[in-house]
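Tertiary structure, described
Listed here are the chains, written in short residue letters.
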Amino acid sequence: MHWSGPILHKPTRSRWARTLPVTVTLIVAACGGHGSGSTDEGAGQTAEGGAGTNAGGEAATGSHSGGGHARTGSAAGTEAIDTGGRTDGDRGGAGGNDTGGSGSAGRATGGSVTSGGSSVGGSVGAAGTDTGGGAGTLPLPNRCDPLPEPRANEPSRVVSSASALKAAVEGEAAEGETIFIADGTYLVEPMAVTVPHLTIRSESGHRENVTLDLAYTANDFDNGSIFNVWASGITVAHLTLTHAYNHAVHVTGTDAGDTTDTVLYDLHLLDNREQQVKLNADSSGQYGPRRGRLACSLVELTADGRDHVADFGGYTSCYTGGIDGHVAFDWVVEDNVFRGIYCEGREVDIAEHAVHFWSTSGENLVQSNVIIDCSRGVGLGMGDSTQADTVVRNNLLFASTGFAGFDTGIELEGVSNVTVVHNTMAGPMAIGINQRRETDTGQVANNILTGTSRAVMGSSGCDVSSNHTLADTAVFSSLDPDSPDFLRLAPSRSAAVVDAGLDLRAVCPEDIDGDARDTEPDVGADELVP
């Protein structure tokens, strides 16, 4: 059932982990994945997918999705107890706002103790505006609560310069510290996040208020990523990360072991030159990123960004994508919007996938994402790489009428025991679901494919059943991505798909809006509920 209120204020739900940090263990049934695009581009990915570099990415804690999240301002900060050094009072809460727009009222800085023995409480949060700001660039499918503030006894600091931020994340901060970044736009250098359990977030809790800009500057350190995460337990949130020469965030295993529990939350990843988020193994290929989460974020490429997309393989290709995972296990990618990831005027215009797990990855979950005008939607496996035990469910994939660069909605190549169920694909896609190998195994079921897209193409060992191909998009209430009814079923026009699916509640008990599915579920991401 589509939710009748504004998407930005939808209540929290789902049995899957929605709190931070996350530890996710997936036990999934078999299901199908998605296919690759052009041969040249696929070859490029295979070549690139070798052992990862030692560069990592950084993380920060996230706030809310869209343009703002309504919440009530807290009372004055807790009184600080000082023993002689500087101690922060508990920070005052952000002012609430009535409509949840991207209002500028932020959380107030807690009082600090500057002389021994005195105690100063944090200041009261500023009052929210009556109307808030705009609704944001796109409405996210919001199950995204604001991250909690640090407790009074937990270390934190506010930084207001690029140099102070770099010093903090590269060793000056204490383990477990929260680094708040004051509002502003910062021209940054690549940063190596090596202190475990850091939280890096905007002070205001609004991602549009803090921009970290790498200005497409290459660097000998890692060739140019903003955050290189080499420590476990890192959270990066409520920030805009833009113009990276390589990646906005690069998470890498190290020779000491896996890099675990990375949280990337409520970020705007904008116009970065290569993949917006990269997940790699260490140089030996033994240790990789595990138990991570990318959630409640807007990941997009604009016309300006397309002019800077990297080439690959000796020709003018479109070497960019959304999140790209090698040797990545137990990652959750949910409640994000991916938009405009494609190129124009190159020898190969087809970009990499919005979401791609391959190179011996597995046990990942891709759910409740909105993918709009991207060359390729979700990819599992490719070439000689493998991907196993991953679930892809309740995603909306859309190609607008004038968008000619779409290749594949969901792509499978070299997969085992994957589950691709209850996804909705609409618009002029070349291929809706592409299965590339007879040795692929899993389940591909209860998906809607509309417009000129072909249903399930190719042959594999997957169980393919109850997928519905429709001639047009009249089955939906709206094709407007800014509408809360976007690609939700229209009750008066959806008879062909209502109660037409298999009972897959064991692997997909709810729809994209958190409505429970019944024993005769509707096909696609949305379930109509009386």
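Reference entry: report on the structure contained in this document. Because the structure is a prediction, the values reported are computed rather than measured. (Residues numbered from 1 in each chain as written. Predicted model: local features only at pLDDT ≥ 70, side-chain atom pairs only at ≥ 80, totals over all residues. Heavy atoms only, no water.)

So, the sheet that holds strand β27 (residues 376-380)
With respect to topology, 10 strands assemble into an open sheet ordered β4-β7-β10-β14-β20-β23-β27-β31-β35-β38, the strand pairing being parallel. Each edge of the sheet is formed by a strand with only one pairing partner; in this case those strands are β4 (191-193) and β38 (456-457). Pairing of strand β10 (residues 249-252) with strand β14 (residues 277-280), which is carried by four bridges, proceeds in the parallel orientation. The residue bridging V249 from the neighbouring strand is V277, located in β14. (Pairing = 2+ DSSP bridges. Helix = DSSP H or I, 4+ residues; strand = E, 2+ residues; numbered from the N terminus.)

Things to note about the environment of D407
Relative to the assigned elements, D407 resides in the loop between β30 (396-398) and β31 (408-412). Looking at D407, the relative accessible area reads 13%, which means it is buried. Linking D407 and R376, residues 31 residues apart in sequence, is a C-alpha distance of 5.7 Å. Looking at D407, its side chain comes within polar contact range of the side chain of T408, at 2.8 Å. (Buried < 20%, exposed > 50% of the residue type's maximum accessible area, 1.4 Å probe, protein only. Polar contact = N/O pair within 3.5 Å; in protein donor to acceptor, adjacent residues only side chain to side chain.)

Notes on the packing of aromatic side chains
According to the stated counting rule, one finds two aromatic pairs in the structure shown. With centroids separated by 4.7 Å and ring planes inclined at 25°, the aromatic side chains of F312 and Y319 adopt a geometry described as stacked. Under the relative-accessibility criterion, Y319 is labelled buried at 3%. Seen from their ring centres, F398 and F486 are 5.5 Å apart, and the 85° between their planes marks the pair as edge-to-face. A residue pair is termed long-range when its members are at least 10 positions apart, and F398 in strand β30 and F486 in the segment after β40 (468-469) qualify at 88 residues. When the ring centre of Y245 is taken as origin, the NZ or CZ atom of R273, which lies over that ring, is 4.0 Å away. Its guanidinium or amino end placed over the ring of Y342, R306 lies 3.9 Å from that ring's centre, counting from NZ or CZ. (Phe/Tyr/Trp six-rings, centres within 6.5 Å; stacked < 30°, edge-to-face > 60°. Lys NZ or Arg CZ within 6 Å of the ring centre and 35° of its normal.)

Brief notes about the pattern of salt bridges
Counting across every chain of the model gives 19 salt bridges. Between E154 and R151 there is a salt bridge, with its nearest N and O atoms 3.1 Å apart. In this structure, D258 and R290 form a salt bridge, with 3.1 Å as the shortest nitrogen-oxygen distance. Here D258, found in the loop between β10 and β11 (259-260), pairs with R290, found in strand β15 (residues 289-290); they are 32 residues apart in sequence, far enough to count as distant. Connected through salt bridges with shared partners, the residues R157, E172 and E177 form a single ionic network. (Salt bridge = Lys/Arg side-chain N within 4 Å of Asp/Glu carboxyl O.)

Quick look at helix α2 (residues 162-172)
For α2, the complete set of buried residues consists of L165, A168 and V169. Burial along α2 is one-sided: seen end-on, the buried residues are contained in an arc of 85°. Relative to its buried face, α2 has exposed residues pointing more than 90 degrees away, namely S163 and E172. Buried residues belonging to α2 abut β1 (156-159), β2 (178-181), β4, β5 (199-202) and β6 (210-213). (Arc of directions from axis to C-beta. Contact = heavy atoms within 4.5 Å.)

Let's talk about the sheet that holds strand β34 (residues 424-426)
The strand order across the open sheet built from 11 strands is β3-β6-β9-β13-β17-β22-β26-β30-β34-β37-β40, with neighbouring strands paired in parallel fashion. The open sheet has two free edges, formed respectively by β3 (184-187) and β40, since each of these has just one partner strand. Where strand β26 (residues 370-372) and β30 come together, three bridges link them in parallel fashion. Along β30, the bridge assignment pairs I371 with L397.

Some words on the state of the cysteines
Considering all chains together, one arrives at two disulfides under this definition. Covalently, C144 is tied to C296 through a disulfide, its sulfur atoms 1.7 Å apart. Here the disulfide of C144 and C296 is left-handed, its torsion about the S-S bond being about -85°. Of this pair, C144 sits in the loop between α1 (39-48) and β1 while C296 sits in the loop between β16 (293-295) and β17 (298-300), and the two are 152 residues apart along the sequence. Across the pair, C296 and C144 agree in class, each one buried. Covalent S-S linkage joins C318 and C343, the inter-sulfur distance amounting to 2.0 Å. Handedness here is read from the sign of the S-S torsion; for C318 and C343, about 75°, the answer is right-handed. With C318 in strand β19 (residues 315-319) and C343 in the loop between β22 (337-339) and β23 (353-358), this pair connects stretches of sequence that are 25 residues apart. Using a relative accessible area of 0% as the deciding quantity, one classes C318 as buried. Regarding the disulfides, the chain carries the connectivity 1-2, 3-4 under sequence-order numbering of its bonded cysteines. (Disulfide = S-S within 2.5 Å.)

Re the pairing of strand β35 (residues 431-435)
In terms of burial, β35 is largely enclosed, as five of its five residues are buried. Sheet topology places β31 next to β35; four bridges connect them, and they run parallel. Residue pairing for β35: T408 is matched across the bridge by I431. The pairing of β35 with β38 spans two bridges and is classified as parallel. Of the residues in β38, the one forming a bridge with N434 is M457.

Section: the environment of S161
One can find S161 in the loop between β1 and α2. Only 3.2 Å separates the side chain of S161 from the side chain of S163, close enough to count as a polar contact. A distance of 3.1 Å separates a polar side-chain atom of S161 from the backbone nitrogen of A164.

As for the nonpolar core
Grouped together as the largest cluster of nonpolar side chains are 68 residues, with contacts concentrated most on L212, F227, L239, L241 and F338. Setting aside residues up to four positions removed in sequence, F338 forms contacts with L294, V299, G322, I323, V333, A354, V355, N369, V370, I371, I372 and C374. Counting 19 residues, the second-largest nonpolar core is a separate cluster that includes V370, F486, L487 and V497. (Core = buried A, V, L, I, M, F, W, Y, C linked by side-chain atoms within 4.5 Å.)

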